[in-house]
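Each chain, letter by letter, is given below.
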Amino acid sequence: MCGIVAYIGKREAYPILVKGLHRLEYRGYDSAGVAMISDKLNVYKCKGKVADLEKFSESKDRKGSIGIGHTRWATHGEPNDVNAHPHYSGSKKIVLIHNGIIENYAPLKEELKKRGHKFESDTDTEVLVHLIEDIQQRENVSLDEAVRIALNNVVGAYAIVILSEENPDMLIAAKKSSPMVIGVGQEEFFIASDATPIVEYTKNVVYLDDEEIAIVNRKGELQIKTIRNENIDPYIQELQLQLEAIEKGGYDHFMLKEIFEQPRSIKDSMRGRVNAQQGVISVGGIRDYLQKFTNAKRIIIIGCGTSWHAGLVGEYLFEELARIPVEVEYASEFRYRNPVIGEDDVVIAISQSGETADTLAAIELAKSKGATIFGVCNVVGSTIPRTTHAGSYTHAGPEIGVASTKAFTAQVTVLTLMALLLGHRKGTISESHYRELLSELEAVPSKIEKILKLNDQIKYLASIFADARNFLYLGRSYTFPVALEGALKLKEISYIHAEGYPAAEMKHGPIALIDEEMPVVVIATKGASYEKVISNIQEVKARKGKVIAVVTEGDDAAKGMADYVIEVPETDEKLAPLISVVPLQLLAYHIAVLRGCNVDQPRNLAKSVTVE
Ligand code: G6P
């Protein structure tokens, strides 16, 4: 969590920092701050969003061609002006921004206090900047050497940038377990948590590795060394990111844009990987690991939030199509429960951001037990793809709305391709069904186009239910994970309590909640469990619940029973999650807008959860 950005060069730093912070706001938005050096070091920070920071610093001296900026998601210390970054050293000559957690901050703070240090905030970050200055003064070393020594004494995760009044031509950055990318321009550098603040200035980037320190200066020099003092040759890569991909493009919110992008993003997930006519699937990342997969005793899928839901769909697909036993685990549970796992297991780690702390820790654990780790991630160059043995990117493009939409459908698309590929290879699926599913999959984007045309109808439905206090979502088999995902979308962005349930489980509890006040969204598309789901609708109706049913086009029977229906194009039930989730995303979106919620940045959430 937290976004960091920094600039050194010939341009004015403040506009670059603020624009960058807006782009990084998905990482946290409870307070923000900047520091620039003009004649002196100026620090402006306050509680609230980047827009609040802009107002706060409007009449202040914002000059300077070197600066750092931060947008925060609080871990240590409540979100307020004092705890906002940047944080000062004791002499107020050094300032630091930080993304991550310094786990041993308490003993370090005690030690520093004994040596006379006084702290203003409750943060772990302030301890680090005091420690750096303490080392610099006590050991009489350069600032970068003090940073290096300090980082050797730190336990935890960090991406930091340091600005010093006494070194106005230099920035020092370092990282461990939190992402950091450096944009290399003409005698200028941009440093950020991801490439979005950098893309319009340069396409040349260096991704810093764990325990590396970068020192950049105005002469255009970039030096990288490890915290063990080994020199590293910077590896400059070309950034594959377009500016349009990270702008709203005329939509009111990123979330709406991303929902509408799905026909394209699903195509992008399949691009170069599927040839339905020839019956060929080629997923680059899996090629060298095919045997590992086909011989796997078990696949374990790990993820968090929406990625975990995509994993559940994966479980149904891998078991049915490739006959490989699958377990789906919350990364946060898996990592702490001493799981039985070994060399014959393949772990699929799913993550949009590629940075989720629990997922990363679960990967490390599984790796240490000899399992093969395969990543399914969206953000190119992020930490998880660089930690796994192999993997496939989902290629959904940048997802900025905090509630995940197009990343989910892209994850499910890639998992479907993998399951089909393995099933075909193992002979656990007939050639004709394989080919049928491939053509069905290719048709999914145009079917989603059709659903998107229902936007106004769904908006109308949203207006009927915008004041509901609870919602129940029911699905069965392949659409059970969709019920979970629909409920998650609604609670994340509209703050309405919502629960997703397997339709048949309703009888074991949630049915007690049903009365005329309870909207129940039922995914009742055609498939093996269709009749059973229809019975579940009857059970809800018998208790006066209000049923909103997602049904297959032309299904008059379901239409007759539900209070409201959303008709979606027919597809094979294995692909139903890709189709039926879309109206639920739109329903959540419109309800949240009607309730006046901040759709793209819901309270207390962050897109990239880099703390456990
Ligand atoms: C956060 C986000 C969710 C996301 C989850 C997992 O909670 O708000 O949208 O599903 O993290 O993130 P990942 O990047 O690993 O998919």
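Whatever comes next refers back to the structure up there.
Source: prediction; values computed, not measured. (Residues numbered from 1 in each chain as written. Predicted model: local features only at pLDDT ≥ 70, side-chain atom pairs only at ≥ 80, totals over all residues. Heavy atoms only, no water.)

**Q** Help me out: how do you make sense of the side chain of T525 in this one?
**A** Secondary-structure assignment places T525 in the loop between β25 (519-524) and α17 (530-542). The class of T525 is buried, set by a relative accessible area of 14%. Not counting the four nearest positions on each side in its chain, T525 is found in contact with T479, Y530, V550, V551, T552, V568 and A576. (Helix = DSSP H or I, 4+ residues; strand = E, 2+ residues; numbered from the N terminus. Buried < 20%, exposed > 50% of the residue type's maximum accessible area, 1.4 Å probe, protein only. Contact = heavy atoms within 4.5 Å.)

**Q** Is there a simple way to explain empty space enclosed by the protein in this structure?
**A** Empty space left among the atoms is revealed by rolling a probe the size of a water molecule over them. For the structure shown, the criterion picks out 3 cavities of 30 Å³ or more. Estimated volume of the largest cavity: approximately 100 Å³. Along the walls of the largest cavity sit 15 residues, with R476, T479, T525, G527 and E573 positioned nearest its centre. Secondary structure elements with two or more residues in the lining of the largest cavity: β25 and α17. By residue class, the composition of the lining of the largest cavity is 7 nonpolar, 5 polar and 3 charged. (1 Å grid on protein atoms, 1.4 Å probe; cavity = no way out; pocket = protein on both sides within 12 Å on 5 of 7 lines; lining within 4 Å. Points joined across faces, edges and corners; volume = space filled by probe spheres on them. Nonpolar A, V, L, I, M, F, W, Y, C, P; charged D, E, K, R; others polar.)

**Q** For this particular structure, what's the right way to read the nonpolar core?
**A** Considering soluble globular proteins, one finds that nonpolar side chains tend to be buried as a cluster. Grouped together as the largest cluster of nonpolar side chains are 90 residues, with contacts concentrated most on F318, I348, M418, F471 and Y473. No other element matches helix α19 (residues 576-594), which puts 11 residues into this core. Excluding residues within four positions of it along the chain, I348 makes contact with F293, I299, I300, I301, I302, F318, F374, V376, L415 and M418. Counting residues in each nonpolar core, the second largest holds 32 residues, with Y7, L17, V50 and L239 among its members. (Core = buried A, V, L, I, M, F, W, Y, C linked by side-chain atoms within 4.5 Å.)

**Q** In this structure, what is going on with the pattern of salt bridges? I would like to understand it.
**A** Charged atoms that come close allow side chains of opposite charge to pair. According to the stated counting rule, one finds 40 salt bridges in the structure shown. Two residues, K225 and D144, come together in a salt bridge whose shortest N-O distance is 2.8 Å. With K225 in strand β13 (residues 222-226) and D144 in helix α5 (residues 143-152), the pair connects residues that are 81 residues apart, well separated along the chain. Here K225 falls in the buried class, since its relative accessible area comes to 5%. Here R228 ties to E211 by a salt bridge, and the two come within 2.8 Å at their closest N and O atoms. Of the two residues, R228 is situated in the loop between β13 and β14 (231-232) and E211 in the loop between β11 (204-207) and β12 (212-217); the sequence distance between them amounts to 17 residues. Beyond isolated ion pairs, a larger network of salt bridges with shared partners links K257, E261, R264, D268, R271 and K406. (Salt bridge = Lys/Arg side-chain N within 4 Å of Asp/Glu carboxyl O.)

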